[in-house]
Structure formats: structure tokens, C-alpha cells
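# Structure at a glance
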Amino acid sequence: VKNEAAVRQREIALVDLVDRLLGGGVVISGDITLAVADVDLVTISLRALVASVEKVAVP
Amino acid sequence: MIYVYAIGERDGDLVPFVRNGVERPPTPDEAMLREHDQVVATLMEEGPVLPMRFGTVVHTEDDVRELLARRGEELRGQLAHVRGRVEMGVRKQWERGPIVASSGSEFMRAKAERRAAARRQAAELHAAVEDLAVDSVVHLIPRDDTAFAGSYLVEKHDAQRFAARAGEYAAVTGPWPPYSFSG
């Protein structure tokens, strides 16, 4: 029962994630492309990930 | 290509947060969705951000600057709305499947009855958290197995109180970046 509850929680969280990321957020019309091709996923630590996120200089 | 995670505000300026050198748009699978979410959540710790729709890829930095030039005022308004606030998710599932009906009118009646039931449940939750809500978006019956699902924008320091109260009526997730209040 405990496992079922955990799986359910996880499913709920995933549905919530999908709803938000694919249904919300700022949209640049015309420039959005959602890939359907399979891409090998590489796990990168969050620290490295965030460190590599850059700010665009706005004049 | 350039992947755009979010537009933030730092020291009064609009700042796009991007990753350069992306070869292709990301596949919308769980790992990539979580990556996007974690990056945006981390950026949010340092200041207000508006998440971009997942999968937003542009060719040049000029494309991003063009967005800021075109929609700068609007984005600043949204940033002001979400500053110091977080999004909390609510989702109420119920044990119902697709409507089974033997006629069109019976179907319509069953549908209206369901919608009324969902609206009552959403209203109960709303009444319990109304004083904490800065803004909210709630959808009735987004899927057959769900009475309602939605998002509340609350002050960061009210997130736990919101979760405790809303948890009496629905499954609560969050704090999230303000996905449902960025557009």
C-alpha cells in the first residue's frame, strides 16, 4: 500500500510537471520546436547545469 | 542553437537565462522536463523569474533580445506580479471514468452533473485558501479521472500554510516556479 501511494504521488507530480512545462511559461511564437526524435540522455549534475546557464547581455 | 530557460530580473534589468551551443531542441521526456524545472527553480532562488515554455529554442541571441524589446513592458509586469511569490499546484482526482450514456441528452445531463460536482469541490478548496491566494488558475475536469487541477500564486512565506490548508481538499505540489502565471 505504501508503494502504491508513492507511485501515485510520483504520477501526480509528473502530470503536474507536464501540465506546467508544456502548458505554461513564456512563449516565443514561431520559434518553438518540440523535438520528437529520440535523444540520448546525459545526466549532468545540477551544479554543472546551472553553472553553464548563461545570461544574455542586453545592450 | 540557444535554449532559453527563463527571463529574470536582476538589478532592475530583464535578463534571459540561456544555454548556448544546443544541437537540437530537447525531447519532452521526464528527464528533460525535470532538468528544465530544476534549473528554473534554482534561478528563482536568486530573484524573480518567468519560466519559458519547455522546448524554447532560438537561433541567435538577437531573437531573445527581440522578445525583450517587443514584450519588455509586459514581461516586467509579470515579473512584478510573481516577485517574492511561488506557484502551488492542486489536483483532485476522483474515481470516475469516461461518461457512459445511452443518449445524447443523458450524456449532456451527466456531463453537467459532473461539472457541478467538480466546481463544488474546487470552490471548497478555494474558500479555504482564498486569503492566501494572490492569483489562481483552476481547470475543472482536465481529464476524466480529475475533478480539478490548478495553480495558486502565494507569497513564499505562505507556501507551507497553503499546503497544509489545501491538502485537506486535494493533492498539493510545489513550490513551483510561476509557470502558470507567465505567458
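Residues numbered from 1 in each chain as written. Chains lettered and ligands numbered in written order. Predicted model: local features only at pLDDT ≥ 70, side-chain atom pairs only at ≥ 80, totals over all residues. Heavy atoms only, no water.

## Overview of the sheet that holds strand S5 (residues 85–93) of chain B
The strands that make up a sheet are held in pairs by hydrogen bonds between backbone atoms, and each pair lies either parallel or antiparallel. All names here are of chain B. Taken together, the 4 strands give an open sheet; going across it, the order is S6-S7-S5-S8, and neighbouring strands pair in antiparallel fashion. Of all strands in the sheet, those with a lone pairing partner are strand S6 (133–143) and strand S8 (171–176), marking the two edges. Between one strand axis and the next, the sheet turns by 15° as a mean value, whatever way the strands run. Where S5 lies against S8, 4 bridges are found, and the strand directions are antiparallel. Bridging across to S8, Gly89 finds its partner in Thr173. (Pairing = 2+ DSSP bridges. Helix = DSSP H or I, 4+ residues; strand = E, 2+ residues; numbered from the N terminus. Axes fitted to C-alpha atoms, helices over the stretch in contact; angles between N-to-C directions.)

## What to know about the packing of aromatic side chains
Residue and element names in this part refer to chain B. Scanning the model with the defined rule gives 4 aromatic pairs over all chains in all. Relative to Tyr5, the ring of Tyr3 lies with its centre 4.9 Å away and its plane at 70°, an arrangement referred to as edge-to-face. Its relative accessible area of 6% is what places Tyr3 among the buried residues. Owing to a relative accessible area of 1%, Tyr5 belongs among the buried residues under this scheme. For the ring pair Tyr152 and Phe162, a centre distance of 5.2 Å and an interplane angle of 45° mean the geometry is tilted. You can see Tyr152 sitting in strand S7 (residues 146–155) and its partner Phe162 sitting in helix H4 (residues 159–166), a full 10 residues away along the chain. Taking relative accessible area as the criterion, Tyr152 reaches 1% and is therefore assigned buried. (Phe/Tyr/Trp six-rings, centres within 6.5 Å; stacked < 30°, edge-to-face > 60°. Buried < 20%, exposed > 50% of the residue type's maximum accessible area, 1.4 Å probe, protein only.)

## Describing the confidence of the model for chain A
Residue and element names in this part refer to chain A. Put simply, chain A has an average pLDDT of 60, and 27% of its residues get 70 or more. The lowest-confidence element of chain A is helix H2 (residues 46–51), averaging 49 in pLDDT; the highest-confidence one is helix H1 (residues 2–23), averaging 74. Contacts from residues 30–48, a stretch scored under 50 in pLDDT, to residues over four places away or in other chains number 26 contacts. (pLDDT = per-residue confidence, 0-100. Contact = heavy atoms within 4.5 Å.)

## Structural notes on the side chain of Arg20 of chain A
Mapped onto the secondary structure, Arg20 of chain A falls in helix H1. For Arg20 of chain A, a relative accessible area of 3% corresponds to the buried category. Once residues lying within four places of it in the same chain are set aside, the contact partners of Arg20 of chain A are Gly25 of chain A together with Glu87, Met88, Gly89, Gly150, Ser151, Thr173, Trp176, Tyr179 and Ser180 of chain B.

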